[in-house]
Amino acid sequence: MADPSIFSHAASPEKEQQVKQILQRMESEVLAFRDHMEDLAAYRCDADTLASCAENNYNDCSSTYPLQQCMAADDLVHPACGDGTTCNALWSPNVTATRIPAALAVGPAGNPLDPQVVEGVCYSRLAEPYMIENYRPGHQMYFGSAHGSFRITPARHSEVCGAYDPRRRPWFVAASSGPKDVVLAIDISGSMDDYGRMDMAKEAAMTIIDTLTVADRFAIVTFSDEATQVGGQGRLVRATEQNKKTMIAEIRQLEAGGRTNYGAAFEAAFDAIDATIDQEATSGCNVAVLFLTDGAISKGLPEEEVIDLVNERVARIASEDGQKTTIFTFSLGDKADHDVTKRIACGSGGIHTAVDDFADDLVSAMSSYYKLYAMGLGEGGNQDWVAWVEPYAFHTAGKLGTSASAPVYDRSVHPPQFLGVVTVDMFLDQLEEILGEESSSSKMLDRFVTLSTARCPAIELEECEIEALRLAGGGATCGTCANATANAGRAGVMSDACEIQSDMPESLWDNTDMAGKGFAERACCEIGGTSPSDVCPLEPFDDDQDLMFLNDDQVDNDSNGILIVAIIAANVGLLLVIVCMWKFHKWHKAQQLPRADVETGGCCVSSMQPKAEPWIEIPQSQFEDCHGENQSTLTMEMGTSDRGTSDREMARQDSIDPPAMEQAARFPPSMGQAERYSRQISVDPPADEPTFGRADTSSRNVAPFVSSSHSSNLDAELEARLQNLMR
């Protein structure tokens, strides 16, 4: 519960008391929500819980909600649909909506296949009546599972489907790890350009930075031949939204080059930590160093001296400043020094993780740092720990708000198992009215900074608990606990899977009426309506613009849209393949048979010009050129004769081309394709008969030509298929 002494920014004692009561009420609400979820933990694997969950949940992107209605402007305004006067978005305060990250929703109809994700959905469904009953306007409630599922009330449609992972949101990480000082040390040596490692490192660093809150301090150190602190502040900075944006922009510009100097990296990291502590700018809580490399030491201190350096600096911070420093190391690729990085992590009570070059997600691998803190928050004097985040703009309201969050545990086992995080949102307009301050003002920010850092949770873990976490997470163990295997199933961070897997429902969704539809089709409505409207949104919906929003309300990568694009791209690719095969077929035969090249005006599907057989009649409509000009006469190009007489000269000698007449006699229109080909390769032309080879395009020879309507069955079939595809 908030300490009344921390409120020192209000204009008067009376206003201060009002603010204190509002924020204390928020904390009471989120702790009551937490208690309810922990009470329900005993039933999460019951057969009844799982059975009643089947087809009894509403998906945020594919379901129609019962009793849905178009939101009034007083509730929320969804700018993607309108301004709330004519158009807004559908919602339902009578149910909850469930969101599943796209990487987990890999089953039919977007169902998860991982039993623990399914279990998280079914477990949180037990809380739906509580969430609906306790919802207050402007105070949406939600639960993020440790395995990635998310449940929220009121139920709303997500703009972009599948991108929202609660485990990567500031409210989740803040509640599960507490205030902390974080230094990311990133290898930018030349080898980081291999296998896309540099891009993976950037993505991981930017995502981790985005999860930090104003309760945290952070710095970025890059190293190759030497080490440099990105931004050059010389110390850690507070993780405000502005500081995070500035640092992320710097990370985007990083380039790889040089050798690998571990010693310089750790020197720079610890110097920044010491400077922060000396200037009393630290969070005052735990210190985490996340060290990522893809190679072995190739410059600077040798490995034993690096290990001694790290151990000495960690011990100094603990003894002189009373802060515990934990090193988390990540060795990327098969050329990395897994042994040294493991020894560095083990020496500080940290975790080492080896990451494959082709790992799906480096971010998930690097998330082990907050899991260790989450396990520690479940014990000791951390019973009523509540985390706050910096005021931010609610995308669906156009107002500033904040969130109070608390971790949820199954406390029936030891160590307590981390199940997820509960959160309650609130708008700040009430505080603005009381204080006469803008929510975005520095005074308001200072208030939440003070509130967020008023308490340091105690992280006191036994070595066997940490060893169990290493083993459960797939990382390397340090050999410090003989019972690690026995403890691994209860690592305190990730809950055990329900034993009876056969009880897991295969289909979670009540309906999928909206599957495959875009946001506007699913959600945009006219005020007073209860279903989507063709009138709304008033302006075209811009998917790219929506991807710019990063707050809790604008989530979820439109996996349905991506699927449609992929299908269209696949069909276009198939069409191009068929066109090229058809044209190659025509060209190949044209090199072996006497033939005329029908001039098309240069307009065709690919760069390969179409070739026509002598006896195939090609409709005039197919030869409309790229400028819309029809070819009035079908003409043919004929090659130069073996006797050196040009076709043009032969055409001048006789209005009827003798070689063409002779060819017509040898290959009459009634003759089939196979027979014509057989005759061509078996009959030697007379010495005085020209052999028609490849057309000489340098002298485009033209002669009158009358074609037959007969074509080979193979050509007809190919052309018919192509025309069908083109339609």
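In this text, all values refer to a predicted model and were calculated from it rather than measured experimentally.

Analysis parameters
- Residue indices follow the written sequence of each chain, beginning from 1 at its first position.
- Note on the predicted model: pLDDT of at least 70 is required for a residue's local features to be given, and 80 or more for side-chain atom pairs to be given and counted; whole-chain, interface and lining totals, by contrast, use all residues.
- Side-chain metrics rest on all non-hydrogen atoms present in the structure, leaving aside hydrogens and water.
- A run of DSSP states H or I qualifies as a helix once it reaches four residues; a run of E qualifies as a strand once it reaches two. Both are numbered from the N-terminal end.
- The rule is simple: take the accessible area with a 1.4 Å probe, protein chains only, and divide by the maximum for that residue type; under 20% is buried, over 50% is exposed, in between is partly exposed.
- Pairs of residues are marked as contacts when any of their non-hydrogen atoms sit within 4.5 Å.
- Surface accessibility in these figures is a Shrake-Rupley result with a 1.4 Å probe; residues are shielded only by whichever protein chains are displayed.
- When two cysteine sulfur atoms lie within 2.5 Å, the pair is treated as a disulfide.
- Interaxial angles span 0 to 180 degrees and are taken between N-to-C directions of axes, which are lines fitted to C-alpha atoms, for helices over the stretch in contact.
- If an angle is under 35 degrees, it is roughly parallel; if it is over 145, roughly antiparallel; if it lies from 65 to 115, roughly perpendicular; otherwise it is oblique.
- Every residue is assigned a pLDDT by the predictor, reflecting its confidence on a scale from 0 to 100.
- Only Phe, Tyr and Trp rings are paired, with Trp represented by its six-membered ring, and only when their centres lie within 6.5 Å; those with planes under 30 degrees apart are stacked, over 60 edge-to-face, the remainder tilted.
- Distance and angle both matter: a charge sits over a ring if NZ of Lys or CZ of Arg is within 6 Å of the ring centre and within 35 degrees of the ring normal.
- A patch is a set of surface residues, each over 30% in relative accessible area and not in a salt bridge, joined within 9 Å for like charges and within 5 Å for the nonpolar side chains Val, Leu, Ile, Met, Phe, Trp and Tyr.
- In what follows, salt bridge is the name for a side-chain nitrogen of Lys or Arg lying within 4 Å of a carboxyl oxygen of Asp or Glu.
- In this tally, Asp and Glu contribute negative charge and Lys and Arg positive charge; neither His nor the terminal groups of the chain are included.
- In plain terms, the charge of a residue is placed at NZ if it is Lys, CZ if Arg, CG if Asp and CD if Glu.
- In plain words, nonpolar cores are sets of buried Ala, Val, Leu, Ile, Met, Phe, Trp, Tyr and Cys residues tied together by side-chain atoms within 4.5 Å.
- DSSP calls a pair of strands paired once it identifies at least 2 bridges connecting them.
- Take the number of residues in a helix, subtract one, and multiply by 1.5 Å to get its expected span.
- We define a polar contact as two N or O atoms separated by no more than 3.5 Å, with the added condition that, inside protein, one atom must be a possible hydrogen donor and the other a possible acceptor, whereas residues neighbouring each other in sequence contribute only through side-chain atom pairs.

Another point: the overall build of the protein. What the protein contains, in helices and strands, is 23 helices and 20 strands. Out of the 727 residues belonging to the protein, those deemed buried represent 52%. Across the protein, every contact between residues at least 6 apart in sequence was considered, and the portion connecting residues at least 24 apart equals 74%. Accessible area of the protein: about 31,400 Å², with a carbon and sulfur share of 51%.

Here we come to the state of the cysteines. Summed over all chains, the structure comprises eight disulfides. Two residues, Cys-285 and Cys-456, share a disulfide whose sulfurs are 1.5 Å apart. Residues Cys-285 and Cys-456 are joined through a disulfide that is left-handed, its torsion about the S-S bond being -100°. Of this pair, Cys-285 sits in the loop between helix H8 (262–278) and strand E11 (286–293) while Cys-456 sits in the loop between helix H14 (442–452) and helix H15 (463–472), placing them 171 residues apart in sequence. Judged by its relative accessible area of 37%, Cys-456 is partly exposed. The side chain of Cys-464 participates in a disulfide bridge whose partner is Cys-481; the two sulfur atoms lie 1.8 Å from each other.

Note that Leu-431 resides in helix H13 (residues 429–435). Judged by relative accessible area, Leu-431 falls into the buried class, the value being 0%. If we ignore the near neighbours within four places in the chain, the residues touching Leu-431 are Val-19, Ile-22, Leu-23, Met-426, Gly-436, Met-444 and Phe-448.

Looking at H15, one finds that the buried residues are Glu-465, Ile-466, Glu-467, Ala-468, Leu-469 and Arg-470. Following H15 by one or two positions, Gly-474 adopts a phi angle in the positive range, close to 85°.

Once that is clear, we can look at unusual backbone geometry. Here the amide bond leading from His-414 into Pro-415 is cis, since omega sits at -10°, within 30 degrees of zero. Tracing the chain through its elements places Pro-415 in the loop between strand E16 (399–410) and strand E17 (417–427). Across the junction of Cys-536 and Pro-537, the peptide omega takes the value 5°, indicating a cis bond. Counting through the fold element by element, Pro-537 comes out in the loop between strand E18 (524–526) and helix H18 (543–546). With a phi close to 55°, Leu-67 is a non-glycine residue in the positive phi region. By the element assignment, Leu-67 lies in the loop between helix H2 (47–53) and strand E1 (69–70). Of note, Glu-280 is a non-glycine position whose phi angle comes to about 55°, a positive value. Residue placement: Glu-280 occurs in the loop between H8 and E11.

Here the focus is the packing of H8 against helix H9 (residues 303–321). In contact at an axis separation of 10 Å, H8 and H9 are set at 10° when each is read in the N-to-C sense. Classified by the angle their axes make, H8 and H9 are roughly parallel. The residues of H9 that touch H8, namely those facing Tyr-262, Gly-263, Phe-266, Glu-267, Phe-270, Asp-271, Ile-273, Asp-274 and Ile-277, are Val-306, Leu-309, Val-310, Arg-313, Val-314, Arg-316, Ile-317 and Asp-321.

Further remarks concern the confidence of the model for the protein. On average, residues of the protein score 76 in pLDDT, and 68% of them are at 70 or above. Overall, residues 1–10 carries pLDDT values under 50, and its contacts beyond four positions in sequence, including any with other chains, amount to 31 contacts. Note on residues 672–712: pLDDT under 50 across the span, and 81 contacts to partners over four residues away in sequence or across chains.

Okay, the packing of aromatic side chains next. Centre-to-centre distance and the angle between the planes together describe a pair of aromatic rings. The full count for this structure, using the stated rule, is 19 aromatic pairs. Taken together, a centroid distance of 4.5 Å and an interplanar angle of 15° make the contact between Phe-266 and Phe-291 stacked. Placement of the pair is Phe-266 in helix H8 and Phe-291 in strand E11, with a sequence separation of 25 residues. For the pair Tyr-409 and Phe-418, a centre-to-centre distance of 5.7 Å together with 55° between the ring planes defines the contact as tilted. With respect to class, Tyr-409 is no different from Phe-418; both count as buried. Across the ring face of Tyr-164, the terminal group of Arg-99 is positioned such that the distance to the ring centre comes to 5.3 Å.

It is worth spelling out a negative patch on the surface at this point. Together, Asp-193, Asp-194, Asp-199, Glu-203 and Glu-255 give the surface a local cluster of negative charge. The residue Glu-203 is located in helix H6 (residues 197–210) in this model. Among the residues examined, Glu-203 registers a relative accessible area of 45% and is labelled partly exposed.

Per the counting criterion, the structure on display carries 21 salt bridges. When the shortest N-O distance is used, the salt bridge between Arg-411 and Glu-38 registers 3.0 Å. Taken together, the residues span a long stretch of sequence, with Arg-411 in the loop between E16 and E17 and Glu-38 in helix H1 (residues 13–40) at a distance of 373 residues. Residue classification places Glu-38 among the buried positions, given a relative accessible area of 15%. In this structure, Glu-226 engages Lys-299 in a salt bridge whose closest nitrogen and oxygen atoms are separated by 3.6 Å. Residue Glu-226 is found in the loop between strand E8 (217–223) and strand E9 (227–229), and its partner Lys-299 is found in the loop between E11 and H9; the two are separated by 73 residues along the sequence. Using a relative accessible area of 49% as the deciding quantity, one classes Glu-226 as partly exposed.

Take the nonpolar core next. Ranked by internal contacts, the top residues of the largest apolar core, which has 83 residues, are Trp-171, Phe-218, Ile-220, Leu-290, Phe-328, Tyr-369 and Leu-372. Sort the elements by how many residues they give to this core and H6 lands first, with eight residues. The contact partners of Phe-218, leaving out residues within four places of it in the chain, are Val-182, Ile-209, Leu-212, Leu-236, Val-237, Arg-238, Ala-239, Asn-243, Lys-244 and Met-247. Among the nonpolar cores identified, the runner-up in size contains 32 residues, and Met-26, Met-131, Val-386 and Met-426 belong to it.

Of all seven residues in E8, seven are buried; the element is thus mostly enclosed. Side chains Arg-217, Ala-219, Val-221 and Phe-223 of E8 all project onto a buried face; the interleaved residues Phe-218, Ile-220 and Thr-222 project onto the opposite face, where all are buried too. Judged from the seven bridges that link them, strand E7 (residues 180–187) and E8 form a sheet pairing that is parallel. Pairing of Asp-181 across the sheet is with Arg-217, part of E8.

Residues separated by three or four positions in an α-helix point in the same direction, a consequence of the helix having 3.6 residues per turn. For H8, which comprises 17 residues, the first-to-last C-alpha distance of 24 Å matches the rise-based estimate of 24 Å (1.5 Å per residue) to within 8%. In terms of residue burial, H8 counts as a mostly covered element, since 14 of its 17 residues are buried. Sitting at the amino-terminal end of H8 is Asn-261, which places a side-chain oxygen 3.3 Å from the backbone nitrogen of Gly-263.

Tracing the backbone through its elements, the reader meets Lys-180 in strand E7. Among the polar contacts listed, one links the side chain of Lys-180 to the side chain of Ser-177, at a separation of 2.8 Å. Residues contacting Lys-180, with those up to four places away along its chain left out, are Val-173, Leu-212, Ala-215, Asp-216, Arg-217, Ser-283, Asn-286 and Tyr-369.

Let us look at the environment of Gly-178. Among the secondary structure elements, Gly-178 is positioned in the loop between helix H5 (170–177) and E7. Expressed as a C-alpha distance, the spacing of Gly-178 and Asn-286, which sit 108 residues apart in the sequence, is 8.4 Å. In contact with Gly-178, not counting residues within four places along its chain, are Val-173, Asp-216, Leu-377, Trp-385 and Pro-457.

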